[in-house]
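# Coordinates in review
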Amino acid sequence: MNTSRPRTSISPLSSELNADLHSHSTASDGTLEPEALAERAAANGVQLWSLTDHDVISGQARAHAAASACGMRYLTGVEISVSFASDTVHIVGLGFDPAESTALARGLAANRDGRGPRAQKMAEGLAKAGISGAYEGALRHAGSPALIARTHFARFLIETGVCRDNGEVFRRFLTAGKPGYVPHHWAGLSEAIGWITQAGGVAVIAHPARYRLTPVEKYALFTEFKAHGGHGIEVVTSSHTPAEIAHYASIAREFNLAASRGSDFHSPRESRTDLGRLPPLPAGLTPVWMLPQLASR
């Protein structure tokens, strides 16, 4: 990590912070180490950061130390895959206490156990479509069968010239009905929220506009999320259009949920938006970092 850049003092907590509470490192499907992510976030003006790798918290100690060295506030984070209705939903956990996260760690391990067999089936589907070696190619990017995800298959398909970019990969091969798509049963919604809250953290629905849920299913998602102890919704994220930001701001108000903000950054080459480059939260919302559970972190 480059330590030559001048460090600044930790910013006071306020609703005006440049917070980026959704990003990924090499611990899951990002391409940068936690330290490099921290440096990039701080260089882009991020004042409050969280590393939220998929179903794993192994990068948390490194991320926290790097954030402190860069003068940023830090919240522990994770992004949990959840099966809900007809889709996979992602729940971000923020501000949990690593010392109290035994149930969370066990739950995440169980979620990861299904990734390897699922990846094998994805590779079999791609082989039938004429693409060989996909499992081995994706595994080179993931490093471990327990962490392998669709993003790693996407990188293999791009590097081998099958597709030009992530959009083409997912459109042709990795969404429902396509050769490399394999549905999977992840944790339940109440389970994931319970793991987070038992460890003293808050649960947030990630990028809600991305889910292929019917309007009735989406309303059920928000209702059940709130009933099970969920705290917030990601209103501002890289995949949300201005209209979607406005819509989910209204959902946050309707369900009395706090609002979160995160780039979902994975890679300088792949991500729609860089760390810290998001628009601010709409007015009249409670930022998730101002909730009592997180404001004291």
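Residues numbered from 1 in each chain as written. Predicted model: local features only at pLDDT ≥ 70, side-chain atom pairs only at ≥ 80, totals over all residues. Heavy atoms only, no water.

## Side note on the overall build of the chain
Short version of the rule: Put simply, DSSP marks the helices as runs of H or I at least four residues long and the strands as runs of E at least two long, and each gets a number from the N terminus on. Partly exposed describes any residue whose relative accessible area lies between the buried limit of under 20% and the exposed limit of over 50%, with all areas from a 1.4 Å probe on protein chains only and scaled to the type maximum. We call two residues in contact whenever any of their non-hydrogen atoms come within 4.5 Å of each other. Methods summary: accessible areas were calculated by the Shrake-Rupley approach with a probe of 1.4 Å, and residue burial reflects only the protein chains presented. By the counting rule applied here, Lys and Arg register as positive and Asp and Glu as negative, while His and the ends of each chain are not counted. For charged residues, the charge sits on one atom: NZ in Lys, CZ in Arg, CG in Asp, CD in Glu.
A tally of regular secondary structure across the chain gives 11 helices and eight strands. Projected onto its principal axes, the C-alpha coordinates of the chain cover approximately 55 × 50 × 40 Å. Sorting the 297 residues of the chain into buried and exposed places 54% on the buried side. Taking the intrachain contacts of the chain between residues at least 6 apart in sequence as the baseline, contacts between residues at least 24 apart amount to 73%. As displayed, the chain offers around 12200 Å² of accessible surface, 53% of which is attributable to carbon and sulfur atoms. Across the chain, 28 positive and 27 negative side-chain charges occur, with their mean positions spaced 3 Å apart.

## Looking at the nonpolar core
Quick reminder of the rule: What makes a nonpolar core is a set of buried Ala, Val, Leu, Ile, Met, Phe, Trp, Tyr and Cys residues whose side-chain atoms join them at distances within 4.5 Å.
Ranked by internal contacts, the top residues of the largest apolar core, which has 52 residues, are Ile80, Ile91, Ile233, Val235 and Val288. Contact partners of Val288, with chain neighbours within four places excluded, come to Leu21, Leu94, Val202, Val204, Ala258, Ala259, Ser260 and Leu294. The next biggest cluster of nonpolar side chains, apart from the first, holds 19 residues, and it includes Phe153, Phe156, Val169 and Val182.

## Focus: the environment of Arg277
Along the polypeptide, Arg277 turns up in the loop between β8 (258-262) and α11 (292-295). Separated by 220 residues in sequence, Arg277 and Ile57 place their C-alpha atoms 25 Å apart.

## Looking at the sheet that holds strand β6 (residues 202-205)
Strand pairing in a sheet relies on backbone hydrogen bonds. The paired strands run either parallel or antiparallel. What counts here: Note: two strands are recorded as paired if DSSP finds a minimum of 2 bridges between them. A fitted line through C-alpha atoms serves as each axis, taken over the contacting stretch for helices, and the angle formed by two N-to-C directions is quoted from 0 to 180°.
Strand order in this open sheet of five strands is β4-β5-β6-β7-β8, and the pairing throughout is mixed. The sheet is open, and its two borders are formed by β4 (77-84) and β8, each paired with just one other strand. In this sheet, neighbouring strand axes are inclined to one another by 40° on average, regardless of whether the strands run parallel or antiparallel. As defined by bridge partners, β6 adjoins strand β7 (residues 232-237) across two bridges and the pair is classed as parallel. Counted as the bridge partner of Ile205 is Ile233 from β7. Contacting β4, β5 (87-94) and β6, helix α8 (residues 189-198) crosses the sheet at an angle of about 160° to β4.

## Comments concerning the side chain of Asp55
The condition that has to hold: Here a polar contact is taken to be a pair of N or O atoms separated by no more than 3.5 Å, where protein atoms must pair a possible hydrogen donor with a possible acceptor and residues adjacent in sequence count only if both atoms sit in side chains.
In this fold, Asp55 is placed in the loop between β2 (48-49) and α2 (60-69). By relative accessible area, Asp55 is classed as buried at 0%. A distance of 2.6 Å separates a polar atom in the side chain of Asp55 from a polar atom in the side chain of Arg115. Not counting residues within four places of it along the chain, the set of residues in contact with Asp55 comprises Val78, Glu79, Ile80, Ser81, Leu108, Asn111, Arg112, Arg115 and Trp186.

## Re unusual backbone geometry
Positive phi, close to 55°, is recorded for Asp55, a residue that is not glycine. If you check the backbone angles, Asp264 has positive phi at about 60° while not being a glycine. Within the secondary structure layout, Asp264 lies in the loop between β8 and α11.

## Describing the packing of helix α3 (residues 102-113) against helix α4 (residues 115-128)
Operational definition: For classification purposes, an angle smaller than 35 degrees is called roughly parallel, one larger than 145 roughly antiparallel, one from 65 to 115 roughly perpendicular, and anything else oblique. Amino acids are sorted into nonpolar (Ala, Val, Leu, Ile, Met, Phe, Trp, Tyr, Cys and Pro), charged (Asp, Glu, Lys and Arg) and polar (every other residue, Gly among them).
Between α3 and α4, the shortest axis-to-axis distance is 5 Å and the interhelical angle comes to 20°. Considering their axes alone, α3 and α4 lie roughly parallel with respect to each other. Residues Asn111, Arg112 and Asp113 of α3 pack against Arg115, Gly116 and Pro117 of α4. Here the contact of α3 with α4 is built from residues that sort into one nonpolar, two polar and three charged.

## Concerning the confidence of the model for the chain
So the rule is basically this: Each residue carries a pLDDT score, the predictor's confidence in it, ranging from 0 to 100.
Residues of the chain with pLDDT of at least 70 account for 96%, and the chain-wide mean is 93. Throughout residues 1-8 the model reports pLDDT below 50, and contacts reaching past four residues in sequence, or to other chains, amount to 16 contacts.

## Description of the pairing of β8
By the criterion of burial, β8 is predominantly enclosed, with five of the five residues buried. The alternating pattern of β8 places Ala258, Ser260 and Gly262 and Ala259 and Arg261 on opposite faces, both of which are buried. Here five bridges tie β7 to β8, and the two strands are oriented parallel to one another. Counterpart to Val236 in the pairing with β8 is Arg261.

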